[in-house]
Amino acid sequence: MSAMVASNDVAEFDDNKDMCPICKTDRYLSPDVKFLVNPECYHKICESCVDRIFSLGPAPCPYKNCDKILRKNKFKTQVFDDVGVEKEVDIRKRVFNVFNKTIQDFDGDLDQYNKYLEEIEDIVYKLDNKIDVAETEEKLRTYEELNKQLIMSNLERSRKDLENFEQRQQFEKDMRLKKRLLERQIENEEKMNKEWARREIVNRLANASNADDVIEGVKNTVKLKKSSARRKLEEINRVLQNNPYRDIMGPNAKNRKEDTTPFTPFNGDRDMEKRYTVDQESYDDPFIKELEKRKEYIASGFRTDFVYERMLTEAFMGLGCIVAEEV
């Protein structure tokens, strides 16, 4: 029943989503109209009506059958087109600000951390779908009071992690910009050197008997003209390779092994040696045999051995997989 009510709420949100229910202004006639929502009920109202109705203080929501008292300072710009998504995102932000433990708070115990995440999802689901709201709100408030110090500590840690991430992003952005400018400068210098070498070879050949010696001498001279821009570019490449912000991107960043292999939960898809052997050229598979006779498949390069190999690979993939070790 609760899920049905939540669905009806979302349907109500979507009705006349481009029209203000009070002044009837819509985006078709007024493309610049700006709609706001209030987290109390998430009913959409245009900005001018919000200023007119709620400037003097709290007032009831103008939507029919909505008994919520709204305040102007609570209205915000809607980010997502779907108001149901907007509501869930706001609930998640609120819950995650309280339930903000990380796996480090569980001493790396993945099972306990997963149970903690499941509890968070239960709270979000109940608040989003209006199931046992009073009981869930009390649970949220009690947890916040009992773990106030830990919550503040984790919020501060998250803030520092975000600052470090932004510093790293800005650092890499500046280095990439300098790199592009230097590469452009080096490209121009190389063009100038080639033009100089062409003219120098012509001038030297006028007074020289051995053309090969002249060309070799000019080439050696060009090689010695290693510009300061090229040296700076080499230095930037070294800095990017040894990123000074790499060690501050997380509590275990220093001990984390460098691994460029993307994570996959399927054990076996990166194995060099296969766990099976195809012991015969064909199998008794009526479906595959039928495809072998169809011209459109034959023309596209259809091969039964590829089909059997893929089927066996997928069958063996995941055997002996331990996700914790894969991570």
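Worth saying up front: this structure is predicted, and the values here are computed from it rather than measured.

Student: Hey, could you run me through the side chain of Asp-128 in this one?
Tutor: If you trace the backbone, Asp-128 turns up in helix 4 (residues 110–129). There is no salt bridge for the buried Asp-128, and the closest opposite charge comes from Lys-87, which lies 4.2 Å off by N-O distance. Contacts of Asp-128, omitting those with residues within four sequence positions, involve Lys-87, Glu-88 and Ile-91.

Student: Teacher, can you tell me more about helix 2 (residues 47–54) here?
Tutor: For an α-helix, the turn length of 3.6 residues means that residues three or four places apart are oriented alike. When we look at burial in helix 2, the residues that qualify are Cys-49, Val-50 and Phe-54. Seen from one end, helix 2 has its buried residues packed into an arc of 105 degrees, which puts them on one side. Buried residues belonging to helix 2 abut strand 1 (35–37), strand 2 (44–46), strand 3 (59–60) and strand 4 (69–70).

Student: How do you make sense of the packing of aromatic side chains when you look at a structure like this?
Tutor: What describes a pair of aromatic rings is the distance from one ring centre to the other and the angle between the planes of the rings. Within the structure shown, the criterion is met by five aromatic pairs. Between the aromatic rings of Phe-106 and Tyr-116, the centroid separation amounts to 5.2 Å while the plane-to-plane angle is 55 degrees, which identifies the pairing as tilted. Residue Phe-106 is located in the loop between helix 3 (83–98) and helix 4, and its partner Tyr-116 is located in helix 4; the two are separated by 10 residues in the primary sequence. The positively charged end of Lys-44 is found above the aromatic ring belonging to Phe-35, 5.8 Å away from the centroid. Between the NZ or CZ atom of Arg-303 and the centre of the ring of Phe-306, over which it lies, the distance is 4.2 Å.

Student: Explain the state of the cysteines here, please?
Tutor: Using the criterion set out here, one finds zero disulfides in the structure. The thiol of Cys-46 is not disulfide-bonded; the next cysteine sulfur, from Cys-49, is found 3.4 Å away. Looking at Cys-46, the relative accessible area reads 1%, which means it is buried. The exposure class of Cys-49 is buried, given its relative accessible area of 1%.

Cut-offs and rules
Residues numbered from 1 in each chain as written. Predicted model: local features only at pLDDT ≥ 70, side-chain atom pairs only at ≥ 80, totals over all residues. Heavy atoms only, no water. Helix = DSSP H or I, 4+ residues; strand = E, 2+ residues; numbered from the N terminus. Buried < 20%, exposed > 50% of the residue type's maximum accessible area, 1.4 Å probe, protein only. Lys, Arg positive; Asp, Glu negative; His and termini not counted. Salt bridge = Lys/Arg side-chain N within 4 Å of Asp/Glu carboxyl O. Contact = heavy atoms within 4.5 Å. Arc of directions from axis to C-beta. Phe/Tyr/Trp six-rings, centres within 6.5 Å; stacked < 30°, edge-to-face > 60°. Lys NZ or Arg CZ within 6 Å of the ring centre and 35° of its normal. Disulfide = S-S within 2.5 Å.

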